[in-house]
2 protein chains.
Amino acid sequence: MNAEPSALHSLTRYPGRGGDRALLDEVLDEALVATLSTVVDGWPWSVPLVFARVGDDVIVHGSTGAGMLRHVAAGAAVTLTAFTVDGLVVSDTLFDHSVNYRAVVVRGVLETVDDPTAALTALTDRIIPGRSAETAPITKKEVAATIALRLPIVDGKWIAKSRSGGAGVETDGWTGVVPMRTVYDEPITDTGTVIPESVRHLAR
Amino acid sequence: MNAEPSALHSLTRYPGRGGDRALLDEVLDEALVATLSTVVDGWPWSVPLVFARVGDDVIVHGSTGAGMLRHVAAGAAVTLTAFTVDGLVVSDTLFDHSVNYRAVVVRGVLETVDDPTAALTALTDRIIPGRSAETAPITKKEVAATIALRLPIVDGKWIAKSRSGGAGVETDGWTGVVPMRTVYDEPITDTGTVIPESVRHLAR
């Protein structure tokens, strides 16, 4: 394999939309699902996965029975792409419509985590803050059935970019933005009666 | 390059979650942004892009100045991954928490569209239904500055899968689902006074 090409890993379009580490963390902490991509026998392969940032690592997990994760666990190069869609940008010219977004791509090689129990606990608490304190801990058998991997966040190996604001055209017609966001609806009870505090406190 | 490996392109985990063409179309028609991934000199490369399904094609576009799109336009193999996050699945055991989702991965090679104006118009109307009828049409100069590509949806070259429902554990504790959805907030006016009908009719 050749050295990693640098030309395609910088922002050639709209470099002003490039972001800093704070933007990277913001997107990784807000998006719940990322696309993990790798190369298998020269072909691109991708899968959406739940993930969580813990410090300078992105944690992903899956079953030991999943072929893809066994592949990437063995040291294959990956990209992890996550984004939020923040609004529709409306112009009065067709061409100048756009979408406001925040997006990141983290490149690297996945590594095995030192403490799978801690990683899996962090993953749950990232999605439902405080949930692990309310539940039975993960068992050794459950840990054994799971691959937990970390993608280190390394300087020069990630891109964060965003678009915000209006269409930026000069016109008398209507232009503007339709903001978008993700909301939680009321919890639907399956078993039991008392909705846990962590679930009641979820809010977007 | 070797023949495309088939082993990683079928559902080895939870085959019961595999979906049909209706699920594929549903996800492609609901998600606004997808992750396009390809291979550059043996390395994985990914970018999030606005997209639209038009019949049996997925349309993407970008500037002629974008290095990535020039690469994939030249016939590189790609994956296009799109998903919706539909809810948080809450168990009273840490291990059995999950996320309800609908997800698709379409594999193939991008092709140039025959009619870029039609493709770009369809892309806008997909995001804001009816918008093209209200706006100045795209100009020849604007079309010339744009690469519009289509990824044909070919049988055997895509996967659609989903998870729905509760945690499925037997317990007296609370388990359930916190539904999630994307909403539009009130349009924010940048210029002009009368919000277009297509924008007023947006609803999620």
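Here the structure is shown first, and the text comes after it.
Remember, it's a predicted structure, so these values are computed and weren't measured experimentally.

A. Up close: the relation of the copies chain B and chain A. Of the two same-sequence chains, chain B is brought onto chain A (RMSD 0.0 Å, axial shift 0.0 Å) by a rotation of 180°. The superposition operator between the copies reduces to a two-fold rotation axis. It is Thr182(B) whose C-alpha, among those of chain B, lies nearest the rotation axis, at 2.1 Å. Counting the interface residues of chain B, we find that 100% of their copies in chain A are interface residues as well, pointing to one common contact surface.

B. Structural view of the environment of His71(A). Residue and element names in this part refer to chain A. Position of His71 among the secondary structure elements: in helix H2 (residues 67-73). It is 8.9 Å that separates the C-alpha atoms of His71 and Thr38, two residues lying 33 residues apart in sequence. Setting aside its immediate chain neighbours within four residues, His71 contacts Thr38, Val39, Val40 and Ala76.

C. Structural context of the packing of aromatic side chains. A complete count under the given rule lists zero aromatic pairs over all chains for this structure. The aromatic ring of Phe51(A) is capped on one face by Arg126(A), whose charged end is 5.5 Å from the ring centroid.

D. The interface of chain B and chain A, seen in detail. In this complex, chain B contributes 89 residues to the contact, which on the side of chain A involves 89 residues. Counting each side, the surface lost to burial between chain B and chain A is near 7800 Å², with a carbon and sulfur contribution of 68%. On the surface where chain B and chain A come into contact, there are two salt bridges. In this structure, Asp185(B) engages Arg181(A) in a salt bridge whose closest nitrogen and oxygen atoms are separated by 2.6 Å. Inspection of the chain B/chain A interface yields 29 residue pairs in polar contact (both at pLDDT 80 or more). Ranked by the residues each element gives to the side of chain B that touches chain A, the list is headed by strand E9 (residues 175-184) of chain B, at 10 residues. Of the residues contributing to the side of chain B that touches chain A, the split by class is 45 nonpolar, 32 polar and 12 charged. Examined bridge by bridge, strand E10 (residues 188-191) of chain A and E9(B) share three bridges and lie antiparallel to one another.

E. Highlighting the pairing of strand E5 (residues 98-109) of chain B. Residue and element names in this part refer to chain B. Counting buried residues in E5 gives 10 out of 12 residues, a clear majority hidden from the surface. Taken together, the 12 bridges between strand E4 (residues 77-90) and E5 define a ladder with antiparallel strand orientation. Of the residues in E5, the one forming a bridge with Phe83 is Ala103.

F. Inspection of helix H3 (residues 116-127) of chain A at higher detail. Residue and element names in this part refer to chain A. Here H3 contains 12 residues, and its C-alpha end-to-end distance of 17 Å stays within 8% of the 16 Å for a straight helix at 1.5 Å per residue. Taken residue by residue, H3 has Ala119, Leu120, Leu123, Thr124, Arg126 and Ile127 as its buried positions. One side of H3 holds all its buried residues, which, seen down the axis, span an arc of 160°.

G. Structural detail: the side chain of Asn100(A). Residues and elements named next belong to chain A. Along the chain, the position of Asn100 falls in strand E5 (residues 98-109). At 3.1 Å, the side chain of Asn100 forms a polar contact with the backbone oxygen of Gly165. For Asn100, the residues in contact, after removing those within four places along its chain, are Thr84, Val85, Asp86, Gly87, Val89, Arg163, Ser164, Gly165 and Val177.

H. Quick peek at the environment of Glu26(A). Looking at the element boundaries, Glu26(A) is found in helix H1 (residues 21-30). With a relative accessible area of 37%, Glu26(A) lands in the partly exposed category.

I. Structural detail: the pairing of strand E7 (residues 146-152) of chain B. Residue and element names in this part refer to chain B. For E7, the buried fraction is high: six of the seven residues fall into the buried class. Relative to E7, strand E6 (residues 111-112) runs antiparallel, the two being bridged by two bridges. From the neighbouring strand, Thr112 faces E7, where its bridge partner is Leu149.

J. Fine view of the pattern of salt bridges. Taken as a whole and judged by the stated rule, the model has 22 salt bridges over all chains. Put simply, Asp57(A) and Arg150(A) hold a salt bridge, and the shortest N to O gap is 2.8 Å. You can see Asp57(A) sitting in strand E3 (residues 57-63) and its partner Arg150(A) sitting in strand E7 (residues 146-152), a full 93 residues away along the chain. Across the pair Arg131(B) and Glu134(B) runs a salt bridge whose closest N-O atoms are separated by 2.7 Å. Looking at Arg131(B), the relative accessible area reads 2%, which means it is buried.

K. Main features of helix H1 (residues 21-30) of chain B. Of all the positions in H1(B), only Leu23(B), Leu24(B), Asp25(B), Val27(B) and Leu28(B) are classed as buried. Elements that come into contact with the buried residues of H1(B) comprise strand E2 (43-54), strand E3 (57-63), E4, E5, helix H3 (116-127) and strand E8 (158-163) of chain B.

L. Spotlight on the side chain of Ser37(B). Within the fold, Ser37(B) resides in strand E1 (residues 33-40). Residue classification places Ser37(B) among the buried residues on the basis of a relative accessible area of 1%. At a separation of 2.7 Å, a polar atom in the side chain of Ser37(B) contacts the side chain of Ser37(A). At a separation of 2.7 Å, a polar atom in the side chain of Ser37(B) contacts the side chain of Ser46(B). Filtering out sequence-adjacent residues up to four positions away, Ser37(B) remains in contact with Ser37(A), Pro44(A), Ser46(A), Trp45(B), Ser46(B), Ala77(B), Val78(B) and Thr79(B).

Conventions and cut-offs
- Residues numbered from 1 in each chain as written.
- Chains lettered and ligands numbered in written order.
- Predicted model: local features only at pLDDT ≥ 70, side-chain atom pairs only at ≥ 80, totals over all residues.
- Heavy atoms only, no water.
- Least-squares fit on C-alpha atoms with pLDDT ≥ 70 in both.
- Contact = heavy atoms within 4.5 Å.
- Helix = DSSP H or I, 4+ residues; strand = E, 2+ residues; numbered from the N terminus.
- Phe/Tyr/Trp six-rings, centres within 6.5 Å; stacked < 30°, edge-to-face > 60°.
- Lys NZ or Arg CZ within 6 Å of the ring centre and 35° of its normal.
- Buried area = accessible area lost by both parts, 1.4 Å probe.
- Salt bridge = Lys/Arg side-chain N within 4 Å of Asp/Glu carboxyl O.
- Polar contact = N/O pair within 3.5 Å; in protein donor to acceptor, adjacent residues only side chain to side chain.
- Nonpolar A, V, L, I, M, F, W, Y, C, P; charged D, E, K, R; others polar.
- Pairing = 2+ DSSP bridges.
- Buried < 20%, exposed > 50% of the residue type's maximum accessible area, 1.4 Å probe, protein only.
- Expected span 1.5 Å × (residues − 1).
- Arc of directions from axis to C-beta.

Purely geometric stuff here, so don't read any function into it on its own.
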